[in-house]
Amino acid sequence: MLQVNYIRENTQDVIERLAKKHFDGSKIIPEIIEWDNARKQTQTELDSILAESNNIAKQVGQLMKEGKKAEAEDLKNKSAALKESAKVLEAKMAEAEEKIKQLLYQVPNLPHASVPKGKTPEENEIVYQEGEIPTLHKDAKPHWELAKQYDLIDFELGVKITGAGFPVYKGKGAKLQRALINFFLEEATNAGYMEFQPPHMVNEASGYGTGQLPDKEGQMYHVGIDNLYLIPTAEVPVTNFHRDMIYKADDFPIKQTAYTPCFRREAGSYGKDVRGLNRLHQFDKVEIVQIQHPDKSYDTLNEMVEYVKTLLRKLELPYRVLRLCGGDMSFSSALTYDMEVYSTAQQKWLEVSSISNFETFQANRLKLRFKDTDGKTKLAHTLNGSALALPRIVASIMENHQTPEGIRIPKALQKFTGFDMIN
RNA sequence: GGAGAGAUGGCCGAGUGGUCGAAGGCGCACGCCUGGAAAGUGUGUAGGCUCCAAAAGGGUCUCGAGGGUUCGAAUCCCUCUCUCUCCGCCA
């Protein structure tokens, strides 16, 4: 959520920057300011009425003490009239506040200056590429066929007990999952992230805190009887740890990591993109989160990108880094880098990580603040990234490391799997 | 699930209708004291919104949340949430 004061002071600039995200702010932004003007004026009126009312209450108390009953009665009547007008103004306040909130919920975050123009994924900017794209033997297969051949993942069994998009991992397939989770958590710990095991369900307030609610309500699984949501990513519980917090500037950076399963309804997905492990309703992911001082958050973003690079390097996967264009970025991000691994068997790039700086967009909703060295309380910056999401990593390991003899496990992973080959 | 008790500032804790945004303590910050430290001592120490060009200062709201009674609510009433104790069930 953007801050009204910022919008007020940079109106034209805000509208221009929003255009890069293909959001037309020319109507809604002035509307927000208008409602805020109304809000301010109403509050000034309301405050003076309340002040008078408080004043009368004090006088009544005094008069009662002195036994001047008649005068006290007089003032009581006066107070009744004030109360009526206060009620009207209070309703007006509430209306304006609600309206402003509803409008602000619709406005996406402002893109960072470096965000490329563009509307479609094709217009994302490739900023880095590393690793050899392997030449595979002629019988090379996509992962869903390999999963069957080596009996690693049973999609049909998942359909039987739950539904499509809920695979069952078996044998070495299950062990590979566990190994990757351990590998990612150990790497993150070594990089200074504290490990957490958060709940896999969150309440409504947390959903609002990180922006899944109200707009993406249909994307989360909702347990109606207890009004809880299954988390779509560990970002939600971990970032919400910091809701309503005021840190000190030297508490930063706060670096946290968590493994959780992620649950996504993926309403509207269809076709070849959902084949095999490419898009699931439940998948595993290790997430990294940082809370940082606004002056340092872009250095931190780069640091996180560099960190994820080391993971892909250790997994011996060819990858590239994209700077997302305005049209492909998420609603709440200011700058996002996507990491994609090339799958030779599918002959396409698979997104395995997304690393974003949200600046104050999440912090504003979360009320995540810090006391700066100048003594002022300010909003902190939040960042997060996948490090990494398992399914497409599993797919690309299977596809890129396949040989006629079986699937080779990258060296860095072998101490976690306990085997070096799937055959 | 049943019964009871409770929720106050960073923490502990007083406060049962007015002078309470809130005693006292701890913690923290700054100063004095000291060769330095401890002890001692002094001062300060919530947040939101708003008025003011800004600073200073003022107004208003917030004692779990929401509503109500009252001229006036941390204090009384209602609803909800959460915590603790006991009972039941249970990995």
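Note that this is a predicted model, so its numbers are computed, not measured.

Reading the values: the criteria
- Residues numbered from 1 in each chain as written.
- Chains lettered and ligands numbered in written order.
- Predicted model: local features only at pLDDT ≥ 70, side-chain atom pairs only at ≥ 80, totals over all residues.
- Heavy atoms only, no water.
- Buried < 20%, exposed > 50% of the residue type's maximum accessible area, 1.4 Å probe, protein only.
- Helix = DSSP H or I, 4+ residues; strand = E, 2+ residues; numbered from the N terminus.
- Pairing = 2+ DSSP bridges.
- Phe/Tyr/Trp six-rings, centres within 6.5 Å; stacked < 30°, edge-to-face > 60°.
- Axes fitted to C-alpha atoms, helices over the stretch in contact; angles between N-to-C directions.
- Parallel < 35°, antiparallel > 145°, perpendicular 65-115°, else oblique.
- Left-handed = near helix turned anticlockwise from the far one by under 90°.
- Contact = heavy atoms within 4.5 Å.
- Lys, Arg positive; Asp, Glu negative; His and termini not counted.
- Salt bridge = Lys/Arg side-chain N within 4 Å of Asp/Glu carboxyl O.
- Polar contact = N/O pair within 3.5 Å; in protein donor to acceptor, adjacent residues only side chain to side chain.
- Near = heavy atom within 4 Å.
- Nonpolar A, V, L, I, M, F, W, Y, C, P; charged D, E, K, R; others polar.

A.B. asks: Tell me about the pairing of strand E11 (residues 319–323), and name the residues and values.
C.D. replies: Counting buried residues in E11 gives 5 out of 5 residues, a clear majority hidden from the surface. Residues of E11 alternate between two faces, with Tyr319, Val321 and Arg323 on one and Arg320 and Leu322 on the opposite face, all of them buried. Here strand E1 (residues 125–130) pairs with E11 via 5 bridges, running antiparallel. Residue Glu125 lies in a different strand from E11, and its bridge partner there is Arg323. In this structure, E11 lies alongside strand E12 (residues 335–343), joined through 5 bridges in antiparallel fashion. Of the residues in E12, the one forming a bridge with Val321 is Met339.

A.B. asks: Give me the packing of aromatic side chains: which residues, what numbers.
C.D. replies: This structure, assessed with the given rule, holds 11 aromatic pairs. With centroids separated by 5.9 Å and ring planes inclined at 75°, the aromatic side chains of Phe331 and Phe361 adopt a geometry described as edge-to-face. Within this pair, whereas Phe331 is found in the loop between E11 and E12, its partner Phe361 is found in helix H11 (residues 361–366), the two being separated by 30 residues in sequence. On the numbers, 5.0 Å between centres and 65° between planes, the contact of Tyr342 with Trp349 is edge-to-face.

A.B. asks: I'd like to hear about the packing of helix H7 (residues 172–190) against helix H12 (residues 390–400), residue by residue, with values.
C.D. replies: Remark: H7 packs on H12, axes separated minimally by 11 Å, with the N-to-C direction vectors making an angle of 115°. Comparing their axes, H12 and H7 come out roughly perpendicular. Between H7 and H12 lies a crossing of right-handed hand. On H12, the residues touching Leu176, Gln177, Leu180, Ile181 and Phe184 of H7 are Leu390, Ile393, Val394 and Ile397.

A.B. asks: I'd love a proper account of the side chain of Lys21, names of residues and values included.
C.D. replies: Residue placement: Lys21 occurs in the loop between helix H2 (11–20) and helix H3 (28–66). Among buried charged residues, Lys21 stands out as having no salt bridge; its nearest opposite-charge side chain is Glu359, 10 Å away. A polar side-chain atom of Lys21 sits 3.1 Å from the main-chain carbonyl oxygen of Phe331. The residues touching Lys21, leaving out its near neighbours within four places in the chain, are Pro108, Asn109, Pro111, Gly326, Met329, Ser330, Phe331, Ser332 and Ser333.

A.B. asks: Can you lay out the protein's contact with RNA strand B for me, pointing to particular residues and giving the numbers?
C.D. replies: Around RNA strand B lies a shell of 18 residues, among which Arg39, Gln43, Asp47, Ala57 and Lys371 are the nearest. Of all atoms in RNA strand B that approach within 4 Å of the protein, 73% are sugar or phosphate atoms. At 2.4 Å, a side-chain N or O of Arg39 approaches a sugar or linking oxygen of RNA strand B. Measuring from a base nitrogen of RNA strand B, one finds a side-chain N or O atom of Asp47 at 2.7 Å. Taken together, the elements giving at least two residues each to the surface near RNA strand B come down to H3, helix H4 (69–106) and strand E14 (369–371). When residues of the surface near RNA strand B are assigned to their parent elements, the largest contribution, 11 residues, is made by H3. Split into classes, the residues belonging to the surface near RNA strand B amount to 5 nonpolar, 6 polar and 7 charged.

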